[in-house]
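One-letter residues, chain by chain:
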Amino acid sequence: AYLQQGEDEKAESVAEKVWSRDPHQVSFIAAFHMAAIPARMAVERHDWKKAAELKPRTPDYLPWDASLWAEGLTWFARGLGSVHTDNLEMANEAEEKLRTLRDKAKASGADDMANYIEIDHLILAGWMAHANNENDKAIALMQSATELEDKTEKHPVTPGALLPANEALGNLLLNLDRPAEALEAYKASDAIWPGRYNTLLGAARAADKAGDKLAA
């Protein structure tokens, strides 16, 4: 919530307080939040260097083998950080890890968890395609992520997606200088995850580039 209000110092204070209260309960919920908090701190602020440096399965005593989605959050953030800092080898490793975690979740019958991981996998794969100048493929992958997100109910353990699929699509389209389409993607994201700082900022930038000053 602090990140959504631009209160970064307060968000950092909360994160530090959480990390100081060690050891944590050995549960999926603890694993989820211990993965989600540092991932959010990096991804929300587009601190791609920090995102690329995140360590999966930290702290190591939590039940990571039973927390596939939680581990996936770290690999997703790490992959995003890597692709945005031009380390495609590390991004490829993260993408492979997400595929493996998705397949494990599906094999265990946890279809909802498999979907959450797959949404992130598709977004990361889209950015990797863009990095390889395969922009039509990149857009198609992102659109697949948005379609899956539309059909997937939010899990009660999380306040929201680490990076909403439509927001990611908007970012990509804006990067490709297609602002009118980007604006529509941001609007679609705001309809699902209302009031996100980066969604609204992206929409304002897209509207401005598209010449819609009133919307901007």
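Above this note sits the structure.
Residues numbered from 1 in each chain as written. Predicted model: local features only at pLDDT ≥ 70, side-chain atom pairs only at ≥ 80, totals over all residues. Heavy atoms only, no water.

1. Some words on the packing of helix 7 (residues 135-150) against helix 8 (residues 165-175)
Part 1 of the argument: Contact geometry of helix 7 with helix 8 gives a least axis separation of 8 Å together with a crossing angle of 160°. Between helix 7 and helix 8, the angle is such that the two are roughly antiparallel. Relative to helix 8, helix 7 is oriented so that their crossing is left-handed. Touching A138, I139, M142, Q143, A145, T146, E149 and D150 of helix 7 are A165, N166, A168, L169, L172 and L173, all from helix 8.
Part 2 of the argument: Here the residues of the contact of helix 7 with helix 8 sort into nine nonpolar, three polar and two charged. (Axes fitted to C-alpha atoms, helices over the stretch in contact; angles between N-to-C directions. Helix = DSSP H or I, 4+ residues; strand = E, 2+ residues; numbered from the N terminus. Parallel < 35°, antiparallel > 145°, perpendicular 65-115°, else oblique. Left-handed = near helix turned anticlockwise from the far one by under 90°. Contact = heavy atoms within 4.5 Å. Nonpolar A, V, L, I, M, F, W, Y, C, P; charged D, E, K, R; others polar.)

2. Regarding the pattern of salt bridges
Part 1 of the argument: For the structure on display, the rule yields 14 salt bridges.
Part 2 of the argument: R196 is paired through a salt bridge with E44; the nearest N and O atoms lie 2.7 Å apart. A residue pair is termed long-range when its members are at least 10 positions apart, and R196 in the loop between helix 9 (179-192) and helix 10 (197-209) and E44 in the loop between helix 2 (28-43) and helix 3 (48-52) qualify at 152 residues.
Part 3 of the argument: Because the salt bridges share partners, they merge into one network encompassing D8, E12 and R45. (Salt bridge = Lys/Arg side-chain N within 4 Å of Asp/Glu carboxyl O.)

3. Some remarks on helix 2
Part 1 of the argument: Over its 16 residues, helix 2 extends 22 Å from the first C-alpha to the last, a length consistent with the 22 Å expected when each residue adds 1.5 Å.
Part 2 of the argument: Taken residue by residue, helix 2 has A30, A31, F32, M34, A35, A36, A39, R40, M41, A42 and V43 as its buried positions.
Part 3 of the argument: Tucked inside the fold, the buried residues of helix 2 contact helix 1 (8-20), helix 3 and helix 4 (68-84). (Expected span 1.5 Å × (residues − 1). Buried < 20%, exposed > 50% of the residue type's maximum accessible area, 1.4 Å probe, protein only.)

These values are about where atoms sit, not about what they do.
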